[in-house]
Amino acid sequence: MVQNLLPCEIMSFPCKYLGLPLSLRKLTREQFQPIIDKTADQLPGWKADLMTRAGRAVQVQFVLTAMLIYLAMAIDVPPWAIRPLIKSEEISLWRGRKEANGGHCLLAWPKVCRAKELGGLGISDLKSLGIALWIRWPWLKKSEPDKPWASLPLQVIKEVECLLSLAIYTEI
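Throughout what follows, the structure given in this document is the object of discussion. Quick caveat: nothing in here was measured; it's all calculated off a predicted structure.

About the thresholds
- Residues numbered from 1 in each chain as written.
- Predicted model: local features only at pLDDT ≥ 70, side-chain atom pairs only at ≥ 80, totals over all residues.
- Heavy atoms only, no water.
- Helix = DSSP H or I, 4+ residues; strand = E, 2+ residues; numbered from the N terminus.
- Buried < 20%, exposed > 50% of the residue type's maximum accessible area, 1.4 Å probe, protein only.
- Phe/Tyr/Trp six-rings, centres within 6.5 Å; stacked < 30°, edge-to-face > 60°.
- Lys NZ or Arg CZ within 6 Å of the ring centre and 35° of its normal.
- Patch = residues over 30% accessible without salt bridge, like charges linked within 9 Å, V, L, I, M, F, W, Y side chains within 5 Å.
- Areas by Shrake-Rupley, 256 points an atom, 1.4 Å probe, with all protein chains shown as cover.
- Salt bridge = Lys/Arg side-chain N within 4 Å of Asp/Glu carboxyl O.
- Axes fitted to C-alpha atoms, helices over the stretch in contact; angles between N-to-C directions.
- Parallel < 35°, antiparallel > 145°, perpendicular 65-115°, else oblique.
- Left-handed = near helix turned anticlockwise from the far one by under 90°.
- Contact = heavy atoms within 4.5 Å.
- Nonpolar A, V, L, I, M, F, W, Y, C, P; charged D, E, K, R; others polar.

1. Some points on unusual backbone geometry
Glycine aside, the phi torsion of most residues is negative, and most peptide linkages are trans. Positioned with a positive phi, L18 is a non-glycine residue whose angle comes to about 50°. By the element assignment, L18 lies in the loop between β1 (15-17) and β2 (20-22). Exposure remark for L18: the relative accessible area of 59% places this residue in the exposed category.

2. Comments concerning the packing of aromatic side chains
The final tally for this structure, using the stated rule, is one aromatic pair. Geometry around W80 places R29 over its ring, the cationic atom sitting 4.5 Å from the centre. Over the ring of W137 we find R136, and its NZ or CZ is 5.0 Å from the ring centre.

3. Concerning a nonpolar patch on the surface
A contiguous nonpolar surface patch, about 680 Å² in accessible area, is contributed by F13, Y17, L18, L22, L24 and Y70. Turning to its location among the elements, Y70 is positioned in helix α4 (residues 53-74).

4. Focus: the pattern of salt bridges
Applying the stated criterion across every chain yields a total of three salt bridges. A salt bridge links E90 to R83; the nearest nitrogen and oxygen atoms lie 3.6 Å apart. Here R83 falls in the partly exposed class, since its relative accessible area comes to 45%. Of the charged contacts in the structure, one is a salt bridge between K147 and E144, with a shortest N-O distance of 3.8 Å. Look at K147 and you get partly exposed, because its relative accessible area is 36%.

5. Structural notes on the packing of helix α2 (residues 29-40) against helix α5 (residues 79-94)
Here α2 crosses α5 at 15°, and the two axes come no closer than 9 Å. Looking at the two axes, α2 sits roughly parallel to α5. Regarding α2 and α5, the two cross each other, and that crossing is right-handed. Of the residues in α5, those in contact with R29, F32, I36, T39 and A40 of α2 are W80, A81, P84, L85 and S88. Across the contact of α2 with α5, the residue classes tally to seven nonpolar, two polar and one charged.

6. Points about the packing of α4 against helix α7 (residues 126-143)
Geometry of a packed helix pair, given as the angle between the helix axes and the separation of the axes. As a packed pair, α4 and α7 sit with axes 9 Å apart at the nearest point and diverge in direction by 45°. Our classification of the angle between α4 and α7 gives oblique. Where α4 crosses over α7, the two elements pack in a sense that is right-handed. Across the interface between the two elements, T65, L68, I69, A72, M73 and A74 of α4 pack against L126, L129, G130, L133, W134, R136 and W137 of α7. Taken together, the residues of the contact of α4 with α7 sort by class into ten nonpolar, two polar and one charged.

Laid out in structure tokens, this is it:
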């Protein structure tokens, strides 16, 4: 009946919607691997020779991080997937290629993720960024209860619940 009203294809889970993998369960490594590969492919080798480190820093800060923001707003990125994503950012920044043998990093990654005022490059830390993006949903649910989606059940990770309980003061 729905297909008669809306001319669309009916698919089973897992499937892709707007480039994001959708599943009723947690994503497996096989379902998440294309995202990791797509992030690693953003800086082909021949372009790396033409870009300065500052240009590669902008590439990582805005292009790669924007791809991951789109992902992290909709999907809880598992810890096992964060490390390869950070690794692809590191390699893109320091080496400019898909692979590196080590010894190319000029600065530890936690220092790179610091704000520019604190001596870093201002590149977002993916774990902290993911938590910040996920805390947005419970906040919107609490601050805008009249929205149609506010009545839907919301599953949040423990870090988001803890941060939300620390950050919000409710007065009745």
